[in-house]
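# Observations on chain architecture
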Amino acid sequence: MFFYKKKYSIEPNGIITRKSYSNIALIKYWGKHNNKIQIPLNSSISYTLGSKVYTETRLIYHIRKKKNISIRVFLSGKEKKSFVPKILEFFHRISFYCSYLKHFNFIIETYNSFPHSSGIASSASSMSALSLCIMEIEKKLGYSLKKDFFFRKASFLARLGSGSACRSIYPGLVVWGYHQSIKGSNNLYAIRYPYKIHPIFTKIVDTILIIDENPKKILSSKGHQLMNKHPYAKERFKYANKNMDRLISILKIGDFQEFGELIEHEALNLHAMIMTSIPYFLCMKPNTIHVIHNVWDFRIQSKKNIYFTLDAGANIHLLYPIKEKKSILKWIYSDLFFYSKKIIESYCFNN
Ligand code: DP6
């Protein structure tokens with residue numbers, strides 16, 4: 001579907017810049033088929049984040065004579081030879097769908113607004129931004145691409161770079177992975193959440209507490225692999241799919257408390273999988289636990305709607321309704337700042 005043959009014409013040198021935002025999963029993708037083509041074992045849904053958590057990528061291309069993909073990668077101005085193998089593997093994976101890539105030399109200059117490999121999904125926003133750049137090349141080559149196709153294929157390509165990246169192509173609530181209750185959902189690319197949601201979920205706050213800026217001990221690709229022999233995997237996938245049904249109804253009704261309890265449970269479920277895989281890992285740090293307990297205590301005392309979720313790292317996303325922003329943010333800075341290296345203020349939108 002995403003493959004075609006054509007003679008192309010393009011100016012010999014050029015620069016393309018695209019920006020993509022990170023996303024935070026509400027129902028987590030954790031586990032994929034063992035076939036190297038990034039097929040998830042359960043469906044997931046995320047909010048693509050707003051301000052301050054993005055990757056901006058400049059793709060500089062030069063037409064070359066030899067038919068071998070050649071790339072150099074720079075992160076915040078510094079050459080990163082260690083990033084090349086992953087990106088080369090990505091280019092090789094997608095070359096069947098983007099056969100033009102082998103005719104170019106590429107320089108990829110990328111800038112993250114947040115720490116790399118810290119539990120904030122930098123691979124999601126960076127693979128998404130890079131895939132959008134590649135689709136821009138496809139457009140420049142003279143293919144007439146409909147807008148829907150452009151983004152669908154960008155998501156398809158991004159998935160081959162990093163599963164969660166396929167969700168960062170779109171803003172708002174985004175679903176990836178087939179789920180029987182979500183029309184159009186599929187394993188190959190993400191789609192925007194297709195149903196109406198309650199206004200409370202059209203804009204919520206996500207305050208991210210960076211507890212640990214060091215690269216993760218367990219890379220998500222390894223963690224996904226471990227799900228293939230995980231003793232609780234089958235139950236986890238069933239449960240994630242059930243949670244998706246629960247979330248659909250919560251998003252419609254607008255029950256923030258139910259929403260919060262569901263996302264906390266999902267986050268702890270993900271970490272329970274990580275802690276019980278073979279080998280096992282513990283991604284949370286002591287300060288992660290301190291923050292969680294503080295959030296729970298504050299919630300009881302203040303009766304405010306503040307809930308946490310986690311990726312496969314130590315950092316914490318605190319989600320709460322926009323109308324409670326002032327008082328909750330004040331509390332975060334006064335009571336939680338101590339536990340964090342940095343606080344990033346972001347938003348989840350769904351218009
Ligand atoms: C815990 O998308 O980083 O953030 O496909 O191997 O690149 P790869 O994994 P990745 O996994 C993300 C896992 C997660 C949950 C989620 O975002 O759904």
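Residues numbered from 1 in each chain as written. Predicted model: local features only at pLDDT ≥ 70, side-chain atom pairs only at ≥ 80, totals over all residues. Heavy atoms only, no water.

The number of helices and strands found in the protein is nine helices and 13 strands. The globule rule puts the C-alpha radius of gyration for 351 residues at 20 Å, and the 20 Å found for the protein is close to it. On the principal axes, the C-alpha backbone points of the protein span a range of 65 × 45 × 40 Å. Out of the 351 residues belonging to the protein, those deemed buried represent 56%. Taking all contacts inside the protein whose residues are at least 6 apart in sequence as the whole, residues at least 24 apart take part in 75%. Surface summary for the protein: the accessible area is close to 16,200 Å², and the carbon and sulfur share equals 55%. In the protein, which carries 53 positive and 23 negative side-chain charges, the distance between the mean positions of the two groups comes to 9 Å. (Helix = DSSP H or I, 4+ residues; strand = E, 2+ residues; numbered from the N terminus. Rg over C-alpha atoms; globule rule 2.2 N^0.38 Å. Buried < 20%, exposed > 50% of the residue type's maximum accessible area, 1.4 Å probe, protein only. Contact = heavy atoms within 4.5 Å. Areas by Shrake-Rupley, 256 points an atom, 1.4 Å probe, with all protein chains shown as cover. Lys, Arg positive; Asp, Glu negative; His and termini not counted. Charge placed at Lys NZ, Arg CZ, Asp CG, Glu CD.)

With that out of the way, let us pick up helix α9 (residues 325-336). The set of residues buried in α9 consists of Ile328, Leu329, Trp331, Ile332 and Leu336. Taken around the axis of α9, the buried residues stretch over an arc of 160°, which confines them to a single face. In α9, those exposed residues whose orientation departs by more than 90 degrees from the buried face are Lys326, Lys330 and Ser334. (Arc of directions from axis to C-beta.)

As a further point, take the sheet that holds strand β13 (residues 342-349). Pairing is antiparallel across the open sheet formed by four strands, whose spatial order is β11-β12-β10-β13. Edge strands, defined here as strands with exactly one partner in the open sheet, are β11 (307-310) and β13. Going from strand to strand, the sheet's axes swing by 30° on average, the running direction of each strand aside. Pairing geometry for β11 and strand β12 (residues 316-321), over four bridges, is antiparallel. When the sheet's bridge partners are listed, Phe308 is paired in β12 with Leu318. Sheet contacts for helix α7 (residues 256-275): β10 (203-210), β11 and β12; angle to β11, the most-contacted strand, approximately 30°. (Pairing = 2+ DSSP bridges. Axes fitted to C-alpha atoms, helices over the stretch in contact; angles between N-to-C directions.)

Inspection of every chain in the model, using the stated rule, returns 13 salt bridges. Across the salt bridge formed by Lys153 and Glu138, the nearest N and O atoms sit 3.1 Å from each other. Here Glu138 lies in helix α2 (residues 122-140) and Lys153 lies in helix α3 (residues 147-161), a separation of 15 residues in the sequence. Here the two residues Lys153 and Glu138 agree in accessibility, since each one is buried. Members of the salt-bridge network, linked through shared partners, are Arg18, Glu136 and Lys139. (Salt bridge = Lys/Arg side-chain N within 4 Å of Asp/Glu carboxyl O.)

Around the ligand there are 17 residues in total, and Tyr29, Lys32, Ser162, Gly163 and Ser164 lie nearest to it. In the model, an oxygen atom of the ligand is placed 3.2 Å from a nitrogen or oxygen of the Gln38 side chain. In the model, an oxygen atom of the ligand is placed 3.3 Å from a nitrogen or oxygen of the Asp311 side chain. In isolation the ligand exposes 460 Å². Once the protein is present, 94% of that is buried. With three residues, the single largest contributor to the shell around the ligand is helix α5 (residues 220-226). Here the shell around the ligand is built from residues that sort into five nonpolar, eight polar and four charged. A domain split of the shell around the ligand shows at least three residues from each of domain 1 (13-192) and domain 2 (199-349). (Near = heavy atom within 4 Å. Polar contact = N/O pair within 3.5 Å; in protein donor to acceptor, adjacent residues only side chain to side chain. Nonpolar A, V, L, I, M, F, W, Y, C, P; charged D, E, K, R; others polar. Domains from an automatic or database assignment.)

This part takes up the sheet that holds strand β4 (residues 54-63). If you walk across this open sheet you meet the five strands as β1-β4-β7-β5-β6, and the pairing is mixed. The open sheet is flanked by β1 (13-21) and β6 (78-79), the only strands paired with a single partner. With nine bridges joining them, β4 and strand β7 (residues 104-112) adopt antiparallel strand pairing. Bridge pairing in β7 links Ile60 to Ile107. Across the sheet, α2 touches β1, β4 and β7, and the angle it forms with β1 is around 140°.

Attention now goes to the packing of aromatic side chains. Summed over the entire model, instances satisfying the criterion amount to 21 aromatic pairs. On the basis of an interplanar angle of 70° and a centroid distance of 5.8 Å, the ring pair of Tyr21 and Tyr54 is categorised as edge-to-face. Of this pair, Tyr21 sits in strand β1 while Tyr54 sits in strand β4, and the two are 33 residues apart along the sequence. Owing to a relative accessible area of 19%, Tyr54 belongs among the buried residues under this scheme. Ring centres 5.9 Å apart and planes at 75° place the aromatic pair Phe90 and Phe91 in the edge-to-face group. Overall, the relative accessible area of 1% leaves Phe90 in the buried class. (Phe/Tyr/Trp six-rings, centres within 6.5 Å; stacked < 30°, edge-to-face > 60°.)

Shape is all these values report; function is a separate question.
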